[in-house]
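For reference, the chains in residue letters:
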Amino acid sequence: MSRLTTRLALAAVRVAALRLRREQRDRYLEQWRADVAGAGELGLSPLGVAVGALRIASREREPLMLPIGPLALALRLRESTNIGAVLAVMVLANLGGAILLVM
């Protein structure tokens, strides 16, 4: 069963790589094959890794909209330990929303 699961996962990874742009395929396919091969050592299911690859491939095809303004700042600070910077972004975002409501 384990060998069959790994083979199915490798086939799914190949399908996922085909969904990517040509310049991305080789890099991702190599990485995903290695992830499927090493999944058992980490106690992960190879099929779970393959499903993750399919999800990533479907997201990579969609155009990316870059965040601007307070959202961009919030995304950069989301892992920040500087509570003052995070609070400043929250205050600016709320003030901006209030000003838009008044207009």
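Residues numbered from 1 in each chain as written. Predicted model: local features only at pLDDT ≥ 70, side-chain atom pairs only at ≥ 80, totals over all residues. Heavy atoms only, no water.

Caption draft 1: Expanded view of the side chain of Thr5. The topology assignment puts Thr5 in helix H1 (residues 2-18). The class of Thr5 is buried, set by a relative accessible area of 14%. Setting aside anything within four residues of it in sequence, one finds Thr5 in contact with Pro46 and Leu47. (Helix = DSSP H or I, 4+ residues; strand = E, 2+ residues; numbered from the N terminus. Buried < 20%, exposed > 50% of the residue type's maximum accessible area, 1.4 Å probe, protein only. Contact = heavy atoms within 4.5 Å.)

Caption draft 2: How the structure looks around the environment of Ala50. Tracing the sequence through the fold places Ala50 in helix H3 (residues 46-61). For Ala50, a relative accessible area of 1% gives the class buried. Along the backbone, Ala50 and Leu8 are 42 residues apart, and their C-alpha atoms lie at a distance of 8.6 Å. Setting aside its immediate chain neighbours within four residues, Ala50 contacts Ala9, Ala12 and Val13.

Caption draft 3: Structural view of the packing of H1 against helix H2 (residues 22-38). The interhelical angle for the contact between H1 and H2, taken along N-to-C directions, is 160°, at an axis separation of 9 Å. By the angle class used here, H1 and H2 are roughly antiparallel. In this structure, H1 meets H2 at a crossing whose hand is right-handed. On the side of H1, the interface is formed by Thr6, Ala9, Leu10, Val13, Arg14, Ala16, Ala17 and Leu18, while H2 contributes Arg25, Leu29, Trp32, Arg33 and Val36. Among the residues making up the contact of H1 with H2, the classes are represented as nine nonpolar, one polar and three charged. (Axes fitted to C-alpha atoms, helices over the stretch in contact; angles between N-to-C directions. Parallel < 35°, antiparallel > 145°, perpendicular 65-115°, else oblique. Left-handed = near helix turned anticlockwise from the far one by under 90°. Nonpolar A, V, L, I, M, F, W, Y, C, P; charged D, E, K, R; others polar.)

Caption draft 4: Fine view of the nonpolar core. Residues Val13 and Trp32 are the most contacted members of the largest nonpolar core, which totals 15 residues. If you list the elements that add at least two residues to this core, you get H1, H2 and H3. For Trp32, the residues in contact, after removing those within four places along its chain, are Val13, Ala16, Ala17, Leu20, Ala53, Ile56 and Ala57. (Core = buried A, V, L, I, M, F, W, Y, C linked by side-chain atoms within 4.5 Å.)

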